[in-house]
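Coordinates in review
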Amino acid sequence: MANETFIGWMTSIQQFMEQTLEHVLPASECAPQKLHEAMRYATLQGGKRVRPLLAFAAGELVGAAPDNLARIAAAVEMIHAYSLVHDDMPCMDDDVLRRGKPTCHVAYDEATALLVGDALQTRAFELISTPLPGIAPASQLEIVRILAHASGHAGMAGGQAIDLASVGLPLTLPELEFMHMLKTGALIRASVLMGATAGRELSPAEKEALDAFAKRIGLAFQVVDDVLDCEADTATLGKTAGKDAAHDKPTYVSLLGLSEAKRMAKDLHDQAFAALEGFGPQADRLKQLADYIVARSF
Ligand code: GRG
């Protein structure tokens with residue numbers, strides 16, 4: 001795949017992910033039909049699949065098997081999809097539009113949306129705890145641990161708790177960064193680290209370099225998200241634009257202003273690139289993804 005253009009590579013991974021998710025999600029014809037249909041509604045045919053792409057790009061760096069990466073990537077995407085379903089519920093962000101269509105609790109109902117999140121989360125862990133051919137049990141256990149840590153109180157759920165408690169509060173830049181490192185950054189970082197744990201053993205220095213890349217790019221993703229919330233329209237984003245300001249949420253734009261926030265995204269992108277220097281062309285896919293994450297328009 002090394003000589004493929006980035007767009008060609010991205011499209012082929014996105015298609016592979018769609019097929020994988022189709023396959024690992026429960027069939028909507030099987031009982032309980034409503035839950036299964038809603039799980040598929042919330043996960044299939046939507047989203048950029050940034051986390052799977054990161055897992056694949058990191059996995060390619062270590063020569064991981066595509067079928068194992070597909071399962072790892074499906075698991076992280078299902079955790080992400082669950083987080084969006086719960087985040088959109090009236091008890092949290094209370095939104096009606098996600099990925100260009102009605103949010104899960106609007107299309108179904110609140111109880112179903114709650115269960116969709118629960119069931120996507122447990123299915124994700126089932127997927128990566130079923131033996132992954134060619135991966136040593138200790139490495140597989142580490143993959144499970146990485147995802148559990150990134151999803152829970154010390155990662156995404158913890159970040160969401162801080163976010164909910166921060167509405168209307170004047171957060172400092174370090175406080176905002178801490179929240180986003182957990183809420184959005186943890187799962188992005190985990191995507192890279194899980195992909196990288198599915199192949200050849202990395203040296204401690206290589207692991208550190210990939211981790212530095214993953215942390216910077218996770219934060220850059222959020223800074224760009226804040227900029228887009230301010231600059232892009234609802235139709236382009238496929239979710240309600242301008243919500244952060246409307247809800248008096250602290251963001252990189254509200255703290256730094258638009259041009260400084262853009263400069264911060266570029267600085268984080270450059271730092272992410274610098275972290276990969278030691279890998280040479282092997283890390284080109286990750287660099288191309290970093291370019292995409294920072295330059296994206298939705
Ligand atoms: C409910 C435990 C729990 C956590 C929710 C991720 C999250 C935490 C909330 C989402 C709120 C939000 C819009 C955060 C900004 C960054 C972000 C995660 C954007 C959505 O991710 P994308 O752009 O979405 O990768 P797609 O649809 O492309 O997959």
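Our subject is the structure that appears above.
Residues numbered from 1 in each chain as written. Predicted model: local features only at pLDDT ≥ 70, side-chain atom pairs only at ≥ 80, totals over all residues. Heavy atoms only, no water.

**Brief notes about the nonpolar core**
For clarity, the threshold we go by: We call a set of buried Ala, Val, Leu, Ile, Met, Phe, Trp, Tyr and Cys residues a nonpolar core when their side-chain atoms join them within 4.5 Å. Only protein chains enter the calculation, and the probe is 1.4 Å; a residue is then buried if its accessible area is under 20% of its type maximum, exposed if over 50%, and partly exposed in between. The contact criterion used is simple: two residues touch if any of their non-hydrogen atoms lie within 4.5 Å.
Counting residues in each nonpolar core, the largest one holds 98 residues, and the members touching the most others are Trp-9, Leu-54, Val-116, Leu-147, Leu-210, Phe-213 and Leu-286. If we ignore the near neighbours within four places in the chain, the residues touching Leu-286 are Leu-54, Ala-57, Ala-58, Leu-61, Leu-210, Phe-213 and Leu-276.

**Points about helix 4 (residues 66-87)**
In plain terms, the rule: By the criteria applied, helices consist of DSSP H or I runs no shorter than four residues and strands consist of E runs no shorter than two, each listed in order from the N terminus. Helices are assigned an expected span. That span is 1.5 Å times one less than the residue count.
Between its terminal C-alpha atoms helix 4 stretches 31 Å, which fits the 32 Å expected from 22 residues at 1.5 Å a residue. Burial runs high along helix 4: 20 of the 22 residues are buried.

**Remarks on the packing of helix 10 (residues 204-231) against helix 14 (residues 258-275)**
Put simply, the rule reads: Axes here refer to lines fitted to C-alpha atoms; in helices the fit is confined to the stretch in contact. Angles between the N-to-C directions go from 0 to 180 degrees. If an angle is under 35 degrees, it is roughly parallel; if it is over 145, roughly antiparallel; if it lies from 65 to 115, roughly perpendicular; otherwise it is oblique. Crossing handedness follows the turn of the near helix against the far one: under a right angle anticlockwise gives a left-handed crossing, and clockwise gives a right-handed one. Residues are grouped as follows: Ala, Val, Leu, Ile, Met, Phe, Trp, Tyr, Cys and Pro are nonpolar; Asp, Glu, Lys and Arg are charged; all remaining types, including Gly, are polar.
At their nearest, the axes of helix 10 and helix 14 sit 8 Å apart, and the two run at 160° to each other. Relative to helix 14, the element helix 10 lies roughly antiparallel. As helix 10 packs across helix 14, the resulting crossing turns out to be left-handed. For the pair formed by helix 10 and helix 14, the contact residues are Ala-209, Ala-212, Phe-213, Arg-216, Ile-217, Leu-219, Ala-220, Val-223, Val-224, Val-227, Cys-230 and Glu-231 on the first element and Leu-258, Ala-261, Lys-262, Met-264, Ala-265, Leu-268, Gln-271, Ala-272 and Ala-275 on the second. Of the residues assigned to the contact of helix 10 with helix 14, the class counts are 17 nonpolar, one polar and three charged.

**What to know about the packing of aromatic side chains**
Any aromatic ring pair is given by two values, namely how distant the centres are and how the planes are angled relative to each other. Filter applied, for reference: We call Phe, Tyr and Trp rings a pair once their centres come within 6.5 Å, taking the six-membered ring for Trp, and we label the pair stacked below 30 degrees between planes, edge-to-face above 60, and tilted otherwise.
Scanning the entire structure with this criterion turns up four aromatic pairs. With a centroid separation of 5.5 Å and 75° between ring planes, the pair formed by Tyr-41 and Tyr-108 is classed as edge-to-face. You can see Tyr-41 sitting in helix 2 (residues 33-43) and its partner Tyr-108 sitting in the loop between helix 5 (104-107) and helix 6 (110-129), a full 67 residues away along the chain. The rings of Phe-6, Trp-9 and Tyr-292 are connected pair by pair, giving a single aromatic cluster.

**Things to note about the site of the ligand**
The cut-off we apply is this: Proximity criterion: a residue is near a molecule or strand once any of its heavy atoms comes within 4 Å of it. Counting of polar contacts relies on pairs of N or O atoms within 3.5 Å, with two restrictions inside protein: one atom must be capable of donating a hydrogen and the other of accepting it, and residues adjacent in sequence are counted only when both atoms are side-chain atoms. Here the accessible surface of atoms and residues is derived via Shrake-Rupley with a 1.4 Å probe, and residues count as covered only by protein chains that are part of the display.
Taken together, 20 residues surround the ligand, and among them Lys-48, Arg-51, His-80, Asp-87 and Arg-99 come closest. Note that an oxygen atom of the ligand is positioned 2.6 Å from one of the side-chain N or O atoms of Lys-48. The separation between an oxygen atom of the ligand and a polar side-chain atom of Arg-99 is 2.8 Å. Here the ligand has 690 Å² of accessible area as a free molecule, and 92% of this is covered by the chains. The set of elements that each furnish at least two residues to the shell around the ligand consists of helix 4, helix 8 (156-166), helix 9 (173-196) and helix 10. The element that contributes the greatest number of residues to the shell around the ligand is helix 4, accounting for six residues. For the shell around the ligand, the per-class residue count stands at six nonpolar, seven polar and seven charged.

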